Amino acid sequence: MSDTDQTTQRPALRCVGSIYYREDGETFLEFEYATLDGTTTVLNIPRELTRVPHKIADILLKKNAKLGDDPISEVKAALTSKELRHRNATYRTGWHGSSFVYPTETFGELSQDLVYDRARQIDPALGLQKGTLKEWKAGLKRPCKYSDFLILAASLAPAGSILELIGETEGAVFHLHGKHSKMRLSDEKTKSSSGKTMTARVNASVIGSCKTSDLFTFAITERGLEEFCFSHNHLSVALDEEGRGAGAPTGSKVKLASLPYIVPSGRGTMRSRRATQDTSLQNLTWAVMGIATGEHPLDGNQVKRDEGAQVRTIGIPVASGRRGGIFNRVKVAPEKRAKVCAALAQSVENTIANHYGVAMPAFLAQIVPNKNDLSEPVRAMVSEFIELVGAKSSPWERRFAAKFGIVYAAAMLMAEYMVGPWTPARAKGALRRLYSKARTATASPVGTT
(Lines give C-alpha, C1' and ligand atoms only; values in the text may rest on other atoms or scores of the structure.)
Protein backbone atom coordinates (compact mmCIF):
# COMPACT_ATOMS: atom_id res chain seq x y z
CA MET A 1 0.00 0.00 0.00
CA SER A 2 1.37 3.44 -0.90
CA ASP A 3 1.93 6.23 1.59
CA THR A 4 -0.94 8.16 -0.05
CA ASP A 5 -3.27 5.25 0.44
CA GLN A 6 -2.24 5.01 4.05
CA THR A 7 -2.76 8.72 4.75
CA THR A 8 -6.19 8.85 3.06
CA GLN A 9 -7.49 5.62 4.51
CA ARG A 10 -10.20 6.10 7.14
CA PRO A 11 -9.40 4.62 10.56
CA ALA A 12 -11.07 1.34 11.40
CA LEU A 13 -12.64 2.94 14.47
CA ARG A 14 -14.19 6.43 14.54
CA CYS A 15 -16.38 8.36 16.95
CA VAL A 16 -18.72 9.98 14.45
CA GLY A 17 -20.86 12.05 16.82
CA SER A 18 -23.30 11.99 19.70
CA ILE A 19 -26.95 11.18 20.02
CA TYR A 20 -29.38 12.34 22.73
CA TYR A 21 -32.45 10.27 23.66
CA ARG A 22 -35.37 12.51 24.47
CA GLU A 23 -37.34 9.97 26.50
CA ASP A 24 -34.48 8.85 28.75
CA GLY A 25 -32.46 12.06 28.92
CA GLU A 26 -29.30 10.10 28.12
CA THR A 27 -26.50 10.83 25.66
CA PHE A 28 -24.56 8.23 23.71
CA LEU A 29 -21.50 8.45 21.49
CA GLU A 30 -21.79 6.85 18.06
CA PHE A 31 -18.81 4.65 17.20
CA GLU A 32 -18.40 3.52 13.61
CA TYR A 33 -16.13 0.51 13.20
CA ALA A 34 -15.10 -2.32 10.90
CA THR A 35 -16.12 -5.82 11.98
CA LEU A 36 -14.19 -9.07 11.69
CA ASP A 37 -16.43 -10.19 8.83
CA GLY A 38 -15.60 -7.11 6.74
CA THR A 39 -18.71 -4.99 7.27
CA THR A 40 -19.02 -1.53 8.81
CA THR A 41 -21.50 -0.79 11.59
CA VAL A 42 -22.36 1.83 14.19
CA LEU A 43 -22.76 1.24 17.92
CA ASN A 44 -24.07 3.65 20.55
CA ILE A 45 -22.05 3.65 23.77
CA PRO A 46 -22.97 5.66 26.90
CA ARG A 47 -21.16 8.98 26.98
CA GLU A 48 -20.11 8.55 30.61
CA LEU A 49 -17.81 5.68 29.59
CA THR A 50 -15.41 8.17 27.95
CA ARG A 51 -13.71 8.28 31.37
CA VAL A 52 -12.88 4.57 31.13
CA PRO A 53 -11.69 3.82 27.56
CA HIS A 54 -10.91 0.19 28.42
CA LYS A 55 -14.64 -0.45 29.02
CA ILE A 56 -15.44 0.98 25.60
CA ALA A 57 -12.80 -1.30 24.11
CA ASP A 58 -14.35 -4.30 25.88
CA ILE A 59 -17.80 -3.45 24.50
CA LEU A 60 -16.48 -3.05 20.96
CA LEU A 61 -14.52 -6.29 21.06
CA LYS A 62 -17.61 -8.11 22.30
CA LYS A 63 -19.52 -6.64 19.35
CA ASN A 64 -17.12 -8.15 16.81
CA ALA A 65 -15.07 -4.98 16.20
CA LYS A 66 -11.85 -5.43 14.23
CA LEU A 67 -9.34 -3.78 16.55
CA GLY A 68 -5.55 -4.10 16.69
CA ASP A 69 -3.17 -5.24 19.42
CA ASP A 70 -3.75 -2.07 21.47
CA PRO A 71 -7.54 -1.51 21.36
CA ILE A 72 -7.47 0.98 24.25
CA SER A 73 -5.17 3.30 22.29
CA GLU A 74 -7.49 3.05 19.30
CA VAL A 75 -10.44 4.05 21.47
CA LYS A 76 -8.51 7.01 22.89
CA ALA A 77 -7.56 8.13 19.38
CA ALA A 78 -11.18 7.89 18.25
CA LEU A 79 -12.32 9.97 21.22
CA THR A 80 -9.64 12.60 20.60
CA SER A 81 -10.61 13.05 16.96
CA LYS A 82 -14.37 12.63 17.39
CA GLU A 83 -16.55 14.46 14.91
CA LEU A 84 -19.07 17.06 16.01
CA ARG A 85 -22.28 15.67 14.51
CA HIS A 86 -25.03 15.73 17.12
CA ARG A 87 -28.50 14.28 16.73
CA ASN A 88 -31.57 13.74 18.84
CA ALA A 89 -33.26 10.34 18.94
CA THR A 90 -36.61 8.97 20.03
CA TYR A 91 -38.40 5.67 20.16
CA ARG A 92 -41.79 7.40 20.18
CA THR A 93 -43.32 7.77 16.75
CA GLY A 94 -45.64 10.62 15.85
CA TRP A 95 -45.69 14.37 15.96
CA HIS A 96 -42.77 16.24 17.48
CA GLY A 97 -43.77 19.84 16.93
CA SER A 98 -44.40 20.29 13.23
CA SER A 99 -42.41 17.18 12.28
CA PHE A 100 -43.54 13.56 12.26
CA VAL A 101 -41.20 10.75 13.32
CA TYR A 102 -41.84 7.52 11.44
CA PRO A 103 -39.62 4.42 11.66
CA THR A 104 -38.27 4.83 8.14
CA GLU A 105 -37.74 8.59 8.21
CA THR A 106 -38.62 11.84 9.92
CA PHE A 107 -40.92 14.13 7.93
CA GLY A 108 -40.64 17.89 8.30
CA GLU A 109 -38.07 20.39 9.48
CA LEU A 110 -36.45 17.92 11.92
CA SER A 111 -35.74 15.39 9.17
CA GLN A 112 -31.98 15.72 9.65
CA ASP A 113 -31.95 16.32 13.40
CA LEU A 114 -34.34 13.76 14.94
CA VAL A 115 -34.03 10.05 14.23
CA TYR A 116 -36.06 7.02 15.27
CA ASP A 117 -34.32 4.30 17.25
CA ARG A 118 -35.50 0.94 15.93
CA ALA A 119 -33.34 -0.92 18.45
CA ARG A 120 -35.79 -0.04 21.24
CA GLN A 121 -38.87 -0.84 19.19
CA ILE A 122 -41.19 -3.41 20.78
CA ASP A 123 -42.83 -4.25 17.43
CA PRO A 124 -40.22 -5.43 14.88
CA ALA A 125 -42.83 -5.37 12.07
CA LEU A 126 -43.49 -1.64 12.41
CA GLY A 127 -42.06 0.36 9.51
CA LEU A 128 -40.95 -2.60 7.40
CA GLN A 129 -41.58 -2.02 3.71
CA LYS A 130 -42.05 -4.17 0.64
CA GLY A 131 -43.55 -3.57 -2.78
CA THR A 132 -45.20 -0.39 -4.03
CA LEU A 133 -48.13 1.82 -3.13
CA LYS A 134 -49.50 1.43 -6.64
CA GLU A 135 -49.75 -2.35 -6.30
CA TRP A 136 -51.06 -2.15 -2.72
CA LYS A 137 -53.89 0.05 -3.94
CA ALA A 138 -54.57 -2.01 -7.05
CA GLY A 139 -54.78 -5.25 -5.08
CA LEU A 140 -57.12 -3.84 -2.44
CA LYS A 141 -59.35 -1.77 -4.71
CA ARG A 142 -61.90 -4.49 -5.48
CA PRO A 143 -61.94 -5.97 -1.94
CA CYS A 144 -62.52 -2.48 -0.51
CA LYS A 145 -65.40 -2.04 -2.95
CA TYR A 146 -67.17 -4.92 -1.23
CA SER A 147 -65.97 -4.49 2.36
CA ASP A 148 -66.73 -1.53 4.61
CA PHE A 149 -64.51 -3.13 7.25
CA LEU A 150 -61.37 -2.97 5.10
CA ILE A 151 -61.85 0.76 4.56
CA LEU A 152 -62.13 1.27 8.32
CA ALA A 153 -59.03 -0.84 8.99
CA ALA A 154 -56.86 0.80 6.35
CA SER A 155 -57.82 4.30 7.58
CA LEU A 156 -56.94 3.81 11.26
CA ALA A 157 -53.22 4.64 11.13
CA PRO A 158 -53.86 7.87 9.15
CA ALA A 159 -56.65 8.59 11.65
CA GLY A 160 -54.09 8.25 14.44
CA SER A 161 -51.88 10.81 12.76
CA ILE A 162 -54.65 13.43 12.53
CA LEU A 163 -55.59 13.24 16.22
CA GLU A 164 -52.92 15.86 16.89
CA LEU A 165 -54.38 18.13 14.21
CA ILE A 166 -57.62 18.52 16.15
CA GLY A 167 -56.05 18.54 19.61
CA GLU A 168 -57.43 15.12 20.51
CA THR A 169 -55.54 12.83 22.87
CA GLU A 170 -58.17 10.11 23.32
CA GLY A 171 -58.29 7.50 20.58
CA ALA A 172 -60.58 4.50 20.16
CA VAL A 173 -60.42 0.76 19.58
CA PHE A 174 -62.84 -0.80 17.12
CA HIS A 175 -63.55 -4.36 18.25
CA LEU A 176 -64.69 -6.70 15.45
CA HIS A 177 -66.61 -9.62 16.89
CA GLY A 178 -69.01 -12.39 15.94
CA LYS A 179 -72.77 -12.01 16.06
CA HIS A 180 -73.58 -14.45 18.83
CA SER A 181 -76.95 -13.36 20.11
CA LYS A 182 -78.99 -14.56 17.14
CA MET A 183 -76.44 -16.77 15.40
CA ARG A 184 -77.72 -20.04 14.02
CA LEU A 185 -75.89 -23.29 14.73
CA SER A 186 -74.82 -23.56 11.09
CA ASP A 187 -73.33 -20.08 11.29
CA GLU A 188 -71.48 -20.89 14.53
CA LYS A 189 -69.46 -23.52 12.71
CA THR A 190 -68.15 -20.99 10.22
CA LYS A 191 -67.76 -17.90 12.40
CA SER A 192 -63.95 -18.15 12.42
CA SER A 193 -63.74 -17.66 8.65
CA SER A 194 -65.43 -14.26 8.63
CA GLY A 195 -62.20 -12.38 7.86
CA LYS A 196 -61.66 -10.46 11.11
CA THR A 197 -57.98 -11.41 11.40
CA MET A 198 -57.42 -10.54 7.75
CA THR A 199 -58.96 -7.13 8.43
CA ALA A 200 -56.48 -6.58 11.28
CA ARG A 201 -53.68 -7.55 8.90
CA VAL A 202 -54.83 -4.97 6.35
CA ASN A 203 -54.62 -2.40 9.13
CA ALA A 204 -51.07 -3.55 9.89
CA SER A 205 -50.12 -3.48 6.19
CA VAL A 206 -50.47 0.31 6.19
CA ILE A 207 -47.54 0.71 8.58
CA GLY A 208 -45.46 -2.44 8.23
CA SER A 209 -45.23 -6.18 7.82
CA CYS A 210 -48.54 -7.92 8.39
CA LYS A 211 -48.15 -11.67 8.63
CA THR A 212 -50.50 -13.29 11.14
CA SER A 213 -47.45 -13.94 13.32
CA ASP A 214 -46.68 -10.20 13.27
CA LEU A 215 -49.91 -9.35 15.07
CA PHE A 216 -49.98 -8.83 18.81
CA THR A 217 -52.66 -10.60 20.83
CA PHE A 218 -54.27 -10.02 24.20
CA ALA A 219 -51.65 -12.37 25.64
CA ILE A 220 -49.61 -9.32 26.63
CA THR A 221 -48.88 -7.68 29.97
CA GLU A 222 -50.27 -4.24 30.71
CA ARG A 223 -46.76 -2.74 30.64
CA GLY A 224 -46.13 -4.46 27.32
CA LEU A 225 -49.35 -2.97 25.96
CA GLU A 226 -48.30 0.48 27.17
CA GLU A 227 -44.95 0.18 25.37
CA PHE A 228 -46.73 -1.15 22.28
CA CYS A 229 -49.01 1.91 22.17
CA PHE A 230 -46.13 4.29 22.93
CA SER A 231 -44.10 2.95 20.01
CA HIS A 232 -47.16 3.36 17.72
CA ASN A 233 -47.98 6.89 18.88
CA HIS A 234 -50.10 8.79 16.32
CA LEU A 235 -50.48 5.60 14.30
CA SER A 236 -52.62 2.52 15.02
CA VAL A 237 -52.40 -0.74 16.94
CA ALA A 238 -53.93 -4.12 16.11
CA LEU A 239 -54.75 -6.79 18.69
CA ASP A 240 -55.96 -10.10 17.31
CA GLU A 241 -57.88 -12.99 18.84
CA GLU A 242 -58.93 -11.69 22.23
CA GLY A 243 -59.71 -15.25 23.35
CA ARG A 244 -56.00 -16.07 23.56
CA GLY A 245 -55.52 -13.52 26.30
CA ALA A 246 -58.73 -13.95 28.27
CA GLY A 247 -58.97 -16.50 31.01
CA ALA A 248 -55.61 -18.13 30.29
CA PRO A 249 -54.55 -20.45 33.14
CA THR A 250 -51.01 -19.10 33.38
CA GLY A 251 -49.08 -15.98 32.52
CA SER A 252 -49.85 -12.29 32.89
CA LYS A 253 -52.45 -11.12 30.39
CA VAL A 254 -54.16 -7.81 29.84
CA LYS A 255 -57.76 -7.94 31.05
CA LEU A 256 -60.47 -7.11 28.53
CA ALA A 257 -62.12 -4.82 31.07
CA SER A 258 -58.87 -2.78 31.18
CA LEU A 259 -58.63 -2.28 27.41
CA PRO A 260 -60.74 0.91 27.18
CA TYR A 261 -58.65 2.52 29.91
CA ILE A 262 -55.25 1.72 28.40
CA VAL A 263 -55.18 1.96 24.61
CA PRO A 264 -57.63 4.84 23.97
CA SER A 265 -56.79 6.74 27.15
CA GLY A 266 -53.29 7.59 26.01
CA ARG A 267 -51.69 7.24 29.42
CA GLY A 268 -50.10 4.28 31.14
CA THR A 269 -49.68 3.54 34.83
CA MET A 270 -48.22 6.55 36.64
CA ARG A 271 -45.16 5.54 38.64
CA SER A 272 -43.32 7.29 41.44
CA ARG A 273 -40.26 9.46 40.85
CA ARG A 274 -38.12 6.77 42.42
CA ALA A 275 -39.51 4.07 40.13
CA THR A 276 -38.97 6.17 37.01
CA GLN A 277 -35.28 6.50 37.79
CA ASP A 278 -35.19 3.14 36.02
CA THR A 279 -35.35 4.24 32.38
CA SER A 280 -37.28 1.08 31.48
CA LEU A 281 -40.12 2.20 33.76
CA GLN A 282 -40.70 5.71 32.45
CA ASN A 283 -44.25 7.06 32.45
CA LEU A 284 -45.59 6.75 28.92
CA THR A 285 -48.20 8.69 26.95
CA TRP A 286 -49.58 8.22 23.44
CA ALA A 287 -52.55 8.82 21.14
CA VAL A 288 -53.56 5.95 18.85
CA MET A 289 -56.47 4.42 17.01
CA GLY A 290 -56.82 0.65 17.22
CA ILE A 291 -58.53 -2.46 15.97
CA ALA A 292 -59.18 -5.63 17.95
CA THR A 293 -60.72 -8.92 16.91
CA GLY A 294 -62.45 -11.71 18.77
CA GLU A 295 -65.38 -14.05 18.66
CA HIS A 296 -67.23 -12.47 21.57
CA PRO A 297 -68.69 -8.97 21.86
CA LEU A 298 -67.45 -6.85 24.74
CA ASP A 299 -71.03 -5.87 25.57
CA GLY A 300 -71.92 -9.41 26.66
CA ASN A 301 -74.24 -10.58 29.40
CA GLN A 302 -71.39 -11.28 31.84
CA VAL A 303 -69.99 -7.77 32.06
CA LYS A 304 -71.97 -4.55 31.79
CA ARG A 305 -69.59 -1.98 30.42
CA ASP A 306 -70.03 1.62 31.44
CA GLU A 307 -70.70 4.35 28.93
CA GLY A 308 -67.14 5.63 28.92
CA ALA A 309 -65.86 2.18 28.01
CA GLN A 310 -68.48 1.85 25.26
CA VAL A 311 -67.28 4.99 23.54
CA ARG A 312 -63.58 4.14 23.85
CA THR A 313 -63.80 0.49 22.76
CA ILE A 314 -66.49 0.22 20.12
CA GLY A 315 -67.88 -3.17 19.19
CA ILE A 316 -68.83 -3.82 15.57
CA PRO A 317 -70.50 -7.17 14.77
CA VAL A 318 -69.27 -9.12 11.76
CA ALA A 319 -71.50 -11.65 10.01
CA SER A 320 -70.43 -15.27 9.78
CA GLY A 321 -68.32 -16.44 6.88
CA ARG A 322 -71.27 -18.09 5.15
CA ARG A 323 -73.06 -14.73 5.19
CA GLY A 324 -70.11 -12.89 3.67
CA GLY A 325 -68.16 -11.97 6.79
CA ILE A 326 -66.26 -8.73 6.29
CA PHE A 327 -67.43 -8.56 2.66
CA ASN A 328 -70.73 -7.05 3.67
CA ARG A 329 -71.36 -5.39 0.28
CA VAL A 330 -71.38 -8.57 -1.79
CA LYS A 331 -74.90 -8.82 -3.20
CA VAL A 332 -75.18 -12.19 -4.93
CA ALA A 333 -77.25 -15.33 -4.45
CA PRO A 334 -76.34 -17.25 -1.28
CA GLU A 335 -75.02 -20.21 -3.25
CA LYS A 336 -72.54 -17.92 -5.07
CA ARG A 337 -71.49 -15.81 -2.09
CA ALA A 338 -68.79 -18.13 -0.76
CA LYS A 339 -66.98 -18.29 -4.11
CA VAL A 340 -67.06 -14.51 -4.61
CA CYS A 341 -65.87 -13.79 -1.05
CA ALA A 342 -63.11 -16.39 -1.29
CA ALA A 343 -61.77 -14.71 -4.44
CA LEU A 344 -61.83 -11.30 -2.74
CA ALA A 345 -60.05 -12.71 0.31
CA GLN A 346 -57.37 -14.27 -1.88
CA SER A 347 -56.79 -10.92 -3.55
CA VAL A 348 -56.25 -9.35 -0.15
CA GLU A 349 -53.89 -12.13 0.93
CA ASN A 350 -51.80 -11.88 -2.25
CA THR A 351 -51.59 -8.11 -2.00
CA ILE A 352 -50.58 -7.65 1.62
CA ALA A 353 -48.07 -10.50 1.42
CA ASN A 354 -46.11 -8.61 -1.24
CA HIS A 355 -46.95 -4.96 -0.64
CA TYR A 356 -46.92 -3.41 2.81
CA GLY A 357 -45.60 -0.47 4.78
CA VAL A 358 -45.87 1.84 1.76
CA ALA A 359 -49.15 3.66 2.39
CA MET A 360 -48.39 5.53 5.61
CA PRO A 361 -45.17 7.23 4.42
CA ALA A 362 -47.05 8.42 1.32
CA PHE A 363 -49.82 9.83 3.52
CA LEU A 364 -47.37 11.57 5.85
CA ALA A 365 -45.55 13.14 2.93
CA GLN A 366 -48.81 14.91 2.14
CA ILE A 367 -50.07 15.98 5.57
CA VAL A 368 -46.85 17.04 7.32
CA PRO A 369 -46.15 20.07 5.09
CA ASN A 370 -49.81 21.11 5.47
CA LYS A 371 -50.29 20.43 9.19
CA ASN A 372 -51.29 23.96 10.14
CA ASP A 373 -53.73 24.30 7.25
CA LEU A 374 -55.46 20.97 7.88
CA SER A 375 -56.76 21.47 11.42
CA GLU A 376 -59.95 23.29 10.48
CA PRO A 377 -60.81 21.07 7.46
CA VAL A 378 -60.37 17.94 9.60
CA ARG A 379 -62.57 19.38 12.35
CA ALA A 380 -65.17 20.23 9.71
CA MET A 381 -65.14 16.67 8.37
CA VAL A 382 -65.63 15.23 11.86
CA SER A 383 -68.56 17.60 12.43
CA GLU A 384 -69.93 16.72 9.00
CA PHE A 385 -70.00 13.05 9.92
CA ILE A 386 -71.75 13.71 13.24
CA GLU A 387 -74.36 15.69 11.34
CA LEU A 388 -74.61 12.98 8.68
CA VAL A 389 -75.52 10.26 11.18
CA GLY A 390 -77.77 12.51 13.27
CA ALA A 391 -75.76 12.11 16.47
CA LYS A 392 -76.36 15.50 18.10
CA SER A 393 -78.90 14.53 20.73
CA SER A 394 -76.44 14.25 23.63
CA PRO A 395 -72.75 14.70 24.44
CA TRP A 396 -72.34 10.90 24.57
CA GLU A 397 -73.89 10.44 21.11
CA ARG A 398 -71.63 13.13 19.65
CA ARG A 399 -68.58 11.62 21.30
CA PHE A 400 -69.44 8.13 20.03
CA ALA A 401 -70.00 9.38 16.47
CA ALA A 402 -66.86 11.53 16.58
CA LYS A 403 -64.70 8.39 16.84
CA PHE A 404 -66.05 7.29 13.47
CA GLY A 405 -65.82 10.89 12.27
CA ILE A 406 -62.06 10.93 12.83
CA VAL A 407 -61.69 7.75 10.76
CA TYR A 408 -64.00 9.26 8.16
CA ALA A 409 -61.78 12.35 7.90
CA ALA A 410 -58.71 10.15 7.46
CA ALA A 411 -60.42 8.04 4.78
CA MET A 412 -61.47 11.18 2.92
CA LEU A 413 -57.92 12.55 3.01
CA MET A 414 -56.54 9.21 1.82
CA ALA A 415 -58.89 9.39 -1.15
CA GLU A 416 -57.94 13.02 -1.84
CA TYR A 417 -54.21 12.22 -1.68
CA MET A 418 -54.70 9.08 -3.80
CA VAL A 419 -53.33 6.89 -1.03
CA GLY A 420 -56.52 4.93 -0.35
CA PRO A 421 -58.06 2.65 -3.03
CA TRP A 422 -61.56 4.16 -2.75
CA THR A 423 -63.52 7.27 -3.65
CA PRO A 424 -64.80 9.84 -1.13
CA ALA A 425 -68.38 8.66 -1.75
CA ARG A 426 -67.38 5.05 -1.06
CA ALA A 427 -65.66 6.04 2.19
CA LYS A 428 -68.68 8.04 3.33
CA GLY A 429 -71.07 5.13 2.78
CA ALA A 430 -68.74 2.63 4.45
CA LEU A 431 -68.18 4.60 7.65
CA ARG A 432 -71.85 5.53 7.90
CA ARG A 433 -72.93 1.89 7.72
CA LEU A 434 -70.33 0.74 10.24
CA TYR A 435 -71.39 3.49 12.63
CA SER A 436 -74.97 2.26 12.34
CA LYS A 437 -73.88 -1.35 13.04
CA ALA A 438 -71.88 -0.28 16.07
CA ARG A 439 -74.54 2.02 17.47
CA THR A 440 -77.21 -0.65 17.15
CA ALA A 441 -74.99 -3.18 18.93
CA THR A 442 -74.15 -0.78 21.78
CA ALA A 443 -76.28 -0.52 24.90
CA SER A 444 -78.17 2.77 24.99
CA PRO A 445 -76.66 5.11 27.54
CA VAL A 446 -78.82 6.33 30.38
CA GLY A 447 -76.76 9.42 30.92
CA THR A 448 -73.66 11.10 29.60
CA THR A 449 -69.97 10.50 30.20
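As shown above, the structure is provided for reference.
Small disclaimer: the values here were computed from a predicted structure and weren't measured. (Residues numbered from 1 in each chain as written. Predicted model: local features only at pLDDT ≥ 70, side-chain atom pairs only at ≥ 80, totals over all residues. Heavy atoms only, no water.)

## Remarks on empty space enclosed by the protein
What counts is decided by this rule: Using protein atoms alone on a 1 Å grid, points that fit a 1.4 Å probe yet trap it form a cavity, whereas open point sets bounded by protein on both sides within 12 Å along at least five of seven lines form a pocket; residues with an atom within 4 Å of a point count as lining. Grid points are joined across faces, edges and corners, and a volume is the space filled by probe spheres set on the points. Numbering of helices and strands runs from the N terminus, with a helix taken as a DSSP run of H or I at least four residues long and a strand as a DSSP run of E at least two residues long. Polar here means any residue outside two lists: the nonpolar Ala, Val, Leu, Ile, Met, Phe, Trp, Tyr, Cys and Pro, and the charged Asp, Glu, Lys and Arg; Gly therefore counts as polar.
Under the defined criterion, the tally for this structure stands at one cavity of 30 Å³ or more. Of the volumes computed, that of the largest cavity is approximately 130 Å³. Looking at the largest cavity, it is lined by 16 residues, and the ones nearest its centre are D123, A204, L215, H232 and A238. Every element with two or more residues in the lining of the largest cavity is listed here: α7 (196–205) and β11 (236–240). Among the elements that make up the lining of the largest cavity, the one with the highest residue count is β11 (three residues). Taken together, the residues of the lining of the largest cavity sort by class into nine nonpolar, five polar and two charged.

## A few points about the environment of V288
Let me state the cut-off plainly: Note on exposure labels: buried denotes an accessible area under 20% of the residue type's maximum, exposed denotes more than 50%, and partly exposed covers the range between, all computed with a 1.4 Å probe on protein chains only. Here a residue-residue contact requires only that any non-hydrogen atoms of the pair lie within 4.5 Å.
By secondary structure assignment, the location of V288 is in the loop between β11 and β12 (289–294). The exposure class of V288 is buried, given its relative accessible area of 0%. Placed 132 residues apart in sequence, V288 and L156 show a C-alpha to C-alpha distance of 8.6 Å. If near-sequence neighbours (up to four positions away) are discounted, V288 is found in contact with L163, G171, A172, C229, H232, N233, H234, L235, V237 and V263.

## A word on the pairing of strand β9 (residues 172–178)
The cut-off we apply is this: Paired strands, as defined in this entry, are two strands with at least two bridges between them according to DSSP.
Burial within β9 is extensive, with seven of its seven residues counted as buried. Side chains A172, F174, L176 and G178 of β9 all project onto a buried face; the interleaved residues V173, H175 and H177 project onto the opposite face, where all are buried too. Note that β9 and strand β13 (residues 313–318) share six bridges and pair parallel. Bridge pairing in β13 links G178 to V318.

## So, the pairing of strand β1 (residues 13–21)
The element β1 is largely enclosed, with a buried count of eight among its nine residues. Here eight bridges tie β1 to strand β2 (residues 26–34), and the two strands are oriented antiparallel to one another. What sits directly across from Y20, in β2, is T27. Joining the antiparallel neighbours β1 and β2 is a turn of four residues, in which G25 adopts a positive phi near 70°.

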